[in-house]
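Listed here are the chains, written in short residue letters.
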Amino acid sequence: MKRTTTKLADGRELIYYDLDDCADRDVLDRRALEPVESQSELRLDRATGDWVAIASHRQGRTHLPPTDACPLCPSGEGRHSEIPTTEYEVVVFENRFPSLAGRVGRCEVVCFTSEHAKSFAELTERRARLVLDAWTDRTEQLASFPGIEQVYCFENRGAEIGVTLAHPHGQVYAFPFVPPRTAKMAAVADTHRAATGRNLFEDLLAEARAATSRVVLAGEHWTAFVPYAARWPYEVHLYPHRRVPDLTRLSEAERAEFPGIYLELLRRFDRLFPRVAPAPQAPTPYISAWHQAPRTGGRELALHLELFTVRRTADKLKYLAGVESGMESFVNDVAPEAAAQRLREVAS
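The shown structure was predicted, so the numbers you read here are calculated from the model rather than taken from an experiment. (Residues numbered from 1 in each chain as written. Predicted model: local features only at pLDDT ≥ 70, side-chain atom pairs only at ≥ 80, totals over all residues. Heavy atoms only, no water.)

1. Regarding the overall build of the chain
Item 1. Looking only at helices and strands, the chain has six helices and 15 strands in total.
Item 2. In terms of overall size, the chain behaves like a compact globule, its C-alpha atoms giving a radius of gyration of 20 Å where 348 residues would be expected to give roughly 20 Å.
Item 3. Counting only C-alpha atoms, the chain reaches 55 × 50 × 45 Å along its principal axes.
Item 4. Here the chain holds 348 residues, and 51% of them are scored as buried.
Item 5. The long-range share in the chain, meaning contacts at least 24 apart out of those at least 6 apart in sequence, stands at 63%.
Item 6. Summed over all atoms, the accessible surface of the chain reaches about 16,600 Å², with 52% contributed by carbon and sulfur. (Helix = DSSP H or I, 4+ residues; strand = E, 2+ residues; numbered from the N terminus. Rg over C-alpha atoms; globule rule 2.2 N^0.38 Å. Buried < 20%, exposed > 50% of the residue type's maximum accessible area, 1.4 Å probe, protein only. Contact = heavy atoms within 4.5 Å. Areas by Shrake-Rupley, 256 points an atom, 1.4 Å probe, with all protein chains shown as cover.)

2. Thoughts on the sheet that holds strand E2 (residues 13-18)
Item 1. Spatial strand order, E1-E2-E5-E6-E8-E7-E12-E13-E11-E10-E9: 11 strands in an open sheet with antiparallel pairing. The open sheet has two edge strands, strand E1 (2-7) and strand E9 (215-218), and neither has a second partner. Sheet twist, expressed as the mean angle between neighbouring strand axes with direction ignored, is 20 degrees.
Item 2. Taken together, the four bridges between strand E10 (residues 222-225) and strand E11 (residues 234-240) define a ladder with antiparallel strand orientation. Residue pairing across strands places Phe225 opposite His237, the latter belonging to E11.
Item 3. Its contacts with the sheet place helix H4 (residues 252-270) against strand E7 (150-157), E9, E10, E11, strand E12 (286-291) and strand E13 (304-309), and it is angled at close to 140 degrees to E9. (Pairing = 2+ DSSP bridges. Axes fitted to C-alpha atoms, helices over the stretch in contact; angles between N-to-C directions.)

3. Focus on the packing of helix H1 (residues 125-143) against H4
Item 1. Running from N to C, H1 and H4 cross one another at 120 degrees; their axes reach a closest spacing of 9 Å. Put simply, H1 runs oblique to H4. The interaxial crossing formed by H1 with H4 has right-handed handedness. Facing H1, whose interface residues are Glu125, Ala128, Arg129, Leu132, Trp135 and Thr136, H4 presents Glu252, Arg255, Ala256, Phe258, Pro259, Gly260, Tyr262 and Leu263.
Item 2. Its residues placed into classes, the contact of H1 with H4 shows eight nonpolar, two polar and four charged. (Parallel < 35°, antiparallel > 145°, perpendicular 65-115°, else oblique. Left-handed = near helix turned anticlockwise from the far one by under 90°. Nonpolar A, V, L, I, M, F, W, Y, C, P; charged D, E, K, R; others polar.)

4. Quick look at unusual backbone geometry
Item 1. Although it is not a glycine, Leu64 sits at a positive phi angle of roughly 45 degrees.
Item 2. Mapped onto the elements of the fold, Leu64 is located in the loop between strand E4 (50-54) and strand E5 (90-94).
Item 3. Residue class for Leu64 comes out partly exposed when judged on its relative accessible area of 46%.
Item 4. You will see that Glu328, though not glycine, has its phi angle at about 55 degrees, which is positive.
Item 5. Relative to the elements of secondary structure, Glu328 occurs in the loop between helix H5 (322-327) and helix H6 (336-345).

5. Things to note about the packing of aromatic side chains
Item 1. Inspection of every chain in the model, using the stated rule, returns 18 aromatic pairs.
Item 2. A ring pair is formed by Trp232 and Phe308, whose centres lie 4.7 Å apart and whose planes are at 10 degrees; its orientation type is stacked. Of this pair, Trp232 sits in the loop between E10 and E11 while Phe308 sits in strand E13, placing them 76 residues apart in sequence.
Item 3. A relative accessible area of 8% places Trp232 in the buried class.
Item 4. Site record: aromatic cluster; members linked through ring pairs are Phe112, Phe120, Trp135, Trp222, Phe258, Tyr262 and Trp290.
Item 5. Arg231 extends its terminal NZ or CZ atom over the ring of Phe330, reaching a point 5.0 Å from the ring centre. (Phe/Tyr/Trp six-rings, centres within 6.5 Å; stacked < 30°, edge-to-face > 60°. Lys NZ or Arg CZ within 6 Å of the ring centre and 35° of its normal.)

Below you can see the structure in the form of structure tokens.
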């Protein structure tokens, strides 16, 4: 993998990741851009102890532009985008409209491919591996920044999720605090260790592999399963068999197997719901989220990926209404065992 770092016209960092060590990325951003003025502020919700980012500058961010004005497509004749080159493989850059910036963290955009109409599921295994290497590199680099507590790599796909740019991309957040879900998992894992002497995430993986009705896909180094108490209609957790805290600790064998397993999961998600004429079903919306151990207080946490969709049937979405949004108490309309069975049925 070749890593090339440069700067955009307003000073933001941009990094190219290429399979070809001879790739030439010596292209300047010729746009006339004013420096980014981020107004991110962290406020503590004293009733819950959770940090909330106030980022009012994001109200003016780019929202569902036409394809010929997509800021994540490569630059071309007569148009300049966020990526100065005319093509790329994987590229990462600082978000122009960040939720977190400066002394309150950092937000980056990860473009998976220069092809606007593609999805992650359509990448080759080599290109998916390059994305994994980019995620790993960003985890290592951002975790070394002063004040950063956790690095979070994720992808939102689909308008139903709230995506504002259709180009295949994800994001990386470098949090200056431990997010609520991570803090909750860490506390439960510590309690589990004190009560049993074992690691919670190793036990969850072992229980899922023993209860084969919830296993979706398994390889030599990874297992994908529906959790026992899944919150979302179709939710899959992907664990490496060897417990590691974050992406930087994966072995070469684990890295090599991951692309095939992950791409198959994404393709199964796209086959979950039938596409009926005359209105073909859009690709399944999903969130794909890497959970990594934070810098402090996460000794018992284990790296894993959580993939889920808000679609519960071909024409119905799972809305977070009064119970979920108001009380953070989930109700799932699809039994985890039935979801796992469906995900096995749509195998390639």
